[in-house]
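Observations on chain architecture
As a plain string of letters, each chain reads:
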Amino acid sequence: MRSIGGDSFLVPLGVRVAAMPGLVVLNGTGRCMWELLAQERSVDELAAAVAEHFDVDYSLAHADAQSFLDEMAQLGLLQP
Amino acid sequence: MTTLPTEHGALVRELQRRATAIRQPVNGAFELTERCNLSCQMCYVRQPAHDVARRQKELSASEWLTLAEDAVDNGMVFLLLTGGEVFLRPDFFDIYTPLTRLGLMLTLFTNGTLVTDRIARRLGEIPPSLTQITLYGGTAATYEAVTGVPGSYARCCAGIEALLKNRVRLELKTTITRSNVGELEAMRHMARNWGLAFSAVWMLMQRRDGKPSDVEDCRLSAHDCVSLEATERLDAGERIESALRDTRAGKAPVFKCQAGKSAFAINSSGEMNPCLNLFQPGVRPLDNGFRAAWEGLQHFVDDAPPLDSLCLACDMRGYCPRCPAWSAMETGTLTEPVPYLCSIASVRKERYEGMPA
């Protein structure tokens, strides 16, 4: 993850460039989840952290977390 | 908080604009060598491929990597690797491969003539975000009249084919001179046949080392430059309008671009400057660290002398493409007018002020 001022985005490394030639911009929630994913986390753990950090309803946070994980997996950025 | 654009080019431009506002050095250019295997008459770098003395002054692979790591720690996100011809360096991949693991958007400039199947395959395995190859003509005769090297056209085409085969993201560009301007359409056609984007530049600078140059014989006339601009730069009118607005508002920045504000260039012997075309102030990040060098570069840009009084009083200033790098190359100062650019400004003024609103 790289930053310019307050904007955070993912830059592909090494062979990943072939599959993802651009940048993935992260919003605040995305940045928070990406940082949490430095360690292995379940979707429930991510959702709980997001709900607490951003003071939002758990079910909404869960939907966001699942959608974020799906998108990252689609880009090949997550290890199973 | 404002939303970032989703289209890649617009996103990058916006990120760079934001970086300029906070003076983050996001844009780096590493000139790995000044040596080139071609001998293009109009080139501002153009050092011989086998110049041993120059080769010995070039930074080593490990020095480039030290610089890159330090620059990344200070905020570099976009890095251009250029030359000279980068593939003259036998240790190119000792530099390139580790760079791909630093979280950088890498761009590569090459003439393509040294791109073998092996090089293309290695690039294809870990591709840069973008590779740009310069074409010098649409036929072997014209291309080689510009490069001065027999067989270079076929080798360039073979390099392009090899990169395409290995799915390396590629764009073509050309440097227009009086010799190849008649083949602009032919080159565009080549790019179209390969399915590649194509762009052109034609503002030719003197040699950076101060040696005698053939550039005057290569440059297009001011009228040809402005005509080309109108057809090749879709945003030409918009850019000029923006420059005119700034001039009317009394703005007279010495450095109008991102140089020294969010961009820097490091030459082959390790000196850091605002851009590839300006060989001052030559601060040395390997000696004192990137942060100190970057601060030195910002001071150089911020403390640059004001515009020449002739330029300040000139009613064509809003149309003028002059910058400190142009003045330095042509006059040895950062500010003096450049007669070639004055003539371009004059033609632009005539063209744009003569147009109906």
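Residues numbered from 1 in each chain as written. Chains lettered and ligands numbered in written order. Predicted model: local features only at pLDDT ≥ 70, side-chain atom pairs only at ≥ 80, totals over all residues. Heavy atoms only, no water.

1. A look at the confidence of the model for chain A
With 98% of its residues at a pLDDT of 70 or more, chain A shows a mean pLDDT of 88. Within chain A, helix 3 (residues 43-54) of chain A carries the highest mean pLDDT (93), whereas helix 1 (residues 16-19) of chain A carries the lowest (77). (pLDDT = per-residue confidence, 0-100. Helix = DSSP H or I, 4+ residues; strand = E, 2+ residues; numbered from the N terminus.)

2. Considerations on the layout of surface pockets
Residue and element names in this part refer to chain A. The calculated volume of the second largest pocket comes to roughly 650 Å³. Around the second largest pocket, the lining comprises 24 residues; the ones closest to its centre are W34, L37, L77, L78 and Q79. Classifying every residue of the lining of the second largest pocket gives 15 nonpolar, 4 polar and 5 charged. (1 Å grid on protein atoms, 1.4 Å probe; cavity = no way out; pocket = protein on both sides within 12 Å on 5 of 7 lines; lining within 4 Å. Points joined across faces, edges and corners; volume = space filled by probe spheres on them. Nonpolar A, V, L, I, M, F, W, Y, C, P; charged D, E, K, R; others polar.)

3. Quick notes on the sheet that holds strand 8 (residues 197-201) of chain B
A sheet is described by the order of its strands in space; here 8 strands give the open sequence 8-7-6-5-4-1-9-10 (chain B), paired in mixed fashion. Sheet topology places strand 8 and strand 10 (272-273) of chain B at the edges, where each strand pairs with a single neighbour. (Pairing = 2+ DSSP bridges.)

4. Observations regarding the pairing of strand 4 (residues 78-82) of chain B
Residue and element names in this part refer to chain B. Of all the 5 residues making up strand 4, 5 are buried; the element is thus mostly covered by neighbouring parts of the structure. Residues of strand 4 alternate between two faces, with F78, L80 and T82 on one and L79 and L81 on the opposite face, all of them buried. Sheet topology note: the strand 1 (residues 27-31)/strand 4 ladder contains 5 bridges and is parallel. The residue bridging N27 from the neighbouring strand is F78, located in strand 4. With 4 bridges joining them, strand 4 and strand 5 (residues 105-110) adopt parallel strand pairing. Pairing of F78 across the sheet is with M105, part of strand 5. At this point the chain moves from strand 4, through helix 4 (residues 92-99), to the parallel strand 5, and the crossover so formed is right-handed. (Buried < 20%, exposed > 50% of the residue type's maximum accessible area, 1.4 Å probe, protein only. Right-handed = clockwise from strand over helix to strand, strands pointing away.)

5. Things to note about the pattern of salt bridges
Residue and element names in this part refer to chain B. The final tally for this structure, using the stated rule, is 22 salt bridges over all chains. In this structure, D302 and R23 form a salt bridge, with 3.0 Å as the shortest nitrogen-oxygen distance. Of the two residues, D302 is situated in helix 13 (residues 290-302) and R23 in the loop between helix 1 (8-22) and strand 1; the sequence distance between them amounts to 279 residues. Given the relative accessible area of 26%, R23 is considered partly exposed. E229 is the salt-bridge partner of R348, the closest N and O atoms lying 2.6 Å from each other. (Salt bridge = Lys/Arg side-chain N within 4 Å of Asp/Glu carboxyl O.)

6. With respect to the interface of chain A and chain B
Listed per partner, the contact involves 16 residues of chain A and 26 residues of chain B. With both sides pooled, the region where chain A packs onto chain B buries about 1600 Å², and carbon together with sulfur makes up 68% of that total. Put simply, chain A and chain B have 1 salt bridge between them. One salt bridge connects R18(B) with D7(A), and the closest N-O pair in it is separated by 2.7 Å. Taken together, chain A and chain B are joined by 6 residue pairs in polar contact (both at pLDDT 80 or more). For the side of chain A that touches chain B, the secondary structure elements donating two or more residues are strand 1 (2-4), strand 2 (7-10) and helix 1 of chain A. Broken down by element, the residue count for the side of chain A that touches chain B peaks at 3 residues, all from strand 1 of chain A. (Contact = heavy atoms within 4.5 Å. Buried area = accessible area lost by both parts, 1.4 Å probe. Polar contact = N/O pair within 3.5 Å; in protein donor to acceptor, adjacent residues only side chain to side chain.)

7. Here's the deal with the packing of helix 2 (residues 28-36) of chain A against helix 3 of chain A
Residue and element names in this part refer to chain A. Orientation of helix 2 relative to helix 3, taken along the N-to-C sense of each, is 135°, at an axis distance of 10 Å. Taken together, the axes of helix 2 and helix 3 lie oblique to each other. Taken as a pair, helix 2 and helix 3 cross one another with a handedness that is right-handed. From helix 2, G28, T29, C32, M33 and L36 reach across to helix 3, where they touch L46, A49, V50, H53 and F54. (Axes fitted to C-alpha atoms, helices over the stretch in contact; angles between N-to-C directions. Parallel < 35°, antiparallel > 145°, perpendicular 65-115°, else oblique. Left-handed = near helix turned anticlockwise from the far one by under 90°.)

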